[in-house]
Amino acid sequence: MVISATSFTSHSKIPNYLSGYKHWCCQHTKRWSTGAASSPSSAVPGIDLKSLEGAIAKKDSQSVKEALDQLSEVGWAKSWSSQPYASRRMTSLRELTTLGIKNAENLAIPSVRNDAAFLFTVVGTTGFLGVLAGQLPGDWGFFVPYLIGSISLIVLAVGSTSPGLLQAAIGGFSSFFPDYKERIARHEAAHFLVAYLLGLPILNYSLDIGKEHVNLIDEKLEKLIYSGQLDAKELDKLAVVAMAGLAAEGLKYDKVVGQSADLFTLQRFINRSKPQLSKEQQQNLTRWAVLFAGSLIKNNKATHEALMEAMLKNATVVECIEAIEKAA
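**Digging into unusual backbone geometry**
A cis amide bond, omega -5°, links lysine 274 with the succeeding residue proline 275. Mapped onto the elements of the fold, proline 275 is located in the loop between helix 10 (260-271) and helix 11 (279-299). Not every positive phi belongs to a glycine, and asparagine 103 is a case in point at roughly 50°. Summarising the element assignment, asparagine 103 is placed in the loop between helix 3 (93-99) and helix 4 (113-133). With relative accessibility at 36%, the residue asparagine 103 sits in the partly exposed group. Even without glycine at this site, asparagine 314 takes up a positive phi of about 60°. With respect to the helices and strands, the residue asparagine 314 is situated in the loop between helix 12 (301-312) and helix 13 (317-327).

This is the structure we're talking about:
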């Protein structure tokens, strides 16, 4: 999840807010066209979405809000900003489990599934090829295995000096997992839907490998983030949006894969808030945000699924909003 044009990208270690303190995305430059082959407004007679399309194209957050507010007033954008504010409260792991979150105590522990599978494949493949190369005649049977074996060392060296390159390779390799596309769509659709329900306008999104994100636009929030003046109400709202992807995965899968960037984003929000939160308060905020986001997703399951389907078809932002409103 990204707020405005700011990219929150990190491979730092981040505290585990859900089960003690252990270890703790990438911005995509591609912008989805706001012009659809068949105008979304044609689906609802008398409703003109051109002002919304234009506002999104101009990246004007205030105009996007005004357009959606007007559409809400005429009875079309019924889901827009429909979720009333609810302040945080003390939240336990048992509540997350009761909601349906699987392995709630491990939600914030970064998954190593993709990393381990990639490294195991590299080491296993090079080892197997090295054994076969050892059967070559003469000096070839001596030098070739060493050359093949050095591939694993090169991969480790690249990971140490340029972790971004290794992460890109792992991201590409992850696409071979059968649940990859569905998992990414579920995660990003949750950010999109929860932001929409809370009244935060969306600029664009991406499901591309290694560049998954939902880009929100809100000039007021952006200024508060940069100035470090987020109050409790705004922090709560951003925390819920940040944890939406993690919550969506937790409701579906035994292990969450895409939580690291979201937790880093949440930590950035916390660091930019006033007053500063203690470690215990940060832990509770994270649990509450997962619970609140998970509740929204569970209560709007059909809408979430419809949005996922639209995003998997590379729908424009306006088409995604139309999918939300049709399914609501």
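**Notes on the packing of aromatic side chains**
Scanning all chains against the criterion turns up three aromatic pairs. Across the ring face of tyrosine 253, the terminal group of arginine 183 is positioned such that the distance to the ring centre comes to 3.8 Å. Its end group placed over the ring of tyrosine 85, lysine 233 keeps NZ or CZ at 5.3 Å from the ring centre.

**Remarks on helix 11**
Between its first and last C-alpha, helix 11 extends 30 Å over 21 residues, near the 30 Å set by a 1.5 Å rise per residue. Counted residue by residue, helix 11 has 15 buried out of 21 residues, so it is predominantly covered.

**Description of the pattern of salt bridges**
Opposite charge on two side chains makes pairing possible when the charged atoms of those side chains draw close. Counting across every chain of the model gives seven salt bridges. With a shortest N-O distance of 2.6 Å, glutamate 249 and arginine 183 are connected by a salt bridge. Placement of the pair is glutamate 249 in helix 9 (residues 232-252) and arginine 183 in helix 7 (residues 180-198), with a sequence separation of 66 residues. Given a relative accessible area of 8%, arginine 183 falls into the buried group. Between arginine 186 and glutamate 305 there is a salt bridge; the shortest N-O distance is 3.5 Å.

**Describing helix 2 (residues 61-73)**
Its 13 residues place the ends of helix 2 18 Å apart at the C-alpha level, agreeing with the 18 Å of an ideal helix rising 1.5 Å per residue. If you check which residues of helix 2 are buried, you get Ser61, Val64, Ala67, Leu68 and Leu71. All buried residues of helix 2 fall inside an arc of 125° around its axis, so they share one side. The elements touched by buried residues of helix 2 are helix 1 (50-58), helix 7, helix 8 (219-227) and helix 13. For helix 2, the capping residue at the N-terminal end is aspartate 60, with a side-chain oxygen 3.2 Å from the backbone nitrogen of glutamine 62. Once helix 2 ends, the next one or two residues include glycine 75, with phi positive near 90°.

**Observations concerning the environment of leucine 71**
Tracing the backbone through its elements, the reader meets leucine 71 in helix 2. Considered as a pair, leucine 71 and aspartate 48 are 23 residues apart in the sequence and their alpha carbons are 8.7 Å apart.

**Observations concerning the pairing of strand 3 (residues 213-216)**
Of the two faces of strand 3, the one carrying His213 and Asn215 and the one carrying Val214 and Leu216 are both buried. Where strand 2 (residues 202-206) lies against strand 3, four bridges are found, and the strand directions are antiparallel. Note on strand 3: the bridge partner recorded for isoleucine 202 is leucine 216.

The rules behind these values
Sequence order as written defines residue numbering, which begins from 1 separately in each chain. Local features in this predicted model are restricted to residues of pLDDT 70 or higher, and side-chain atom pairs are both shown and tallied only at a pLDDT of 80 or more, whereas totals for entire chains, interfaces and linings draw on every residue. Only hydrogens and water are set aside when side-chain values are computed; all heavy atoms of the structure are taken into account. The numbering of helices and of strands both runs from the N terminus, where a helix is a DSSP run of H or I of at least 4 residues and a strand a run of E of at least 2. Partly exposed residues are those whose accessible area sits between 20% and 50% of the maximum for their type, while under 20% is buried and over 50% is exposed, using a 1.4 Å probe and protein chains only. Each Phe, Tyr or Trp ring (for Trp, its six-membered ring) is paired with any other whose centre lies within 6.5 Å, and the angle between the two planes then decides the class: stacked below 30 degrees, edge-to-face above 60, tilted in between. Counting as a charge over the ring demands two things of the Lys NZ or Arg CZ atom: a distance within 6 Å of the ring centre and an angle within 35 degrees of the ring normal. Each residue after the first adds 1.5 Å to the expected span of a helix. A pair is scored as a salt bridge if a Lys or Arg side-chain nitrogen falls within 4 Å of a carboxyl oxygen belonging to Asp or Glu. The arc in question is formed by the directions pointing from the helix axis toward the C-beta atoms. Contacts: residue pairs with any heavy atoms within 4.5 Å of one another. By the criterion applied in these results, polar contacts are pairs of N or O atoms within 3.5 Å in which, for protein atoms, one can donate a hydrogen and the other can accept it, and in which residues neighboring in sequence qualify only through two side-chain atoms. At least two DSSP bridges between two strands are needed for those strands to be called paired.

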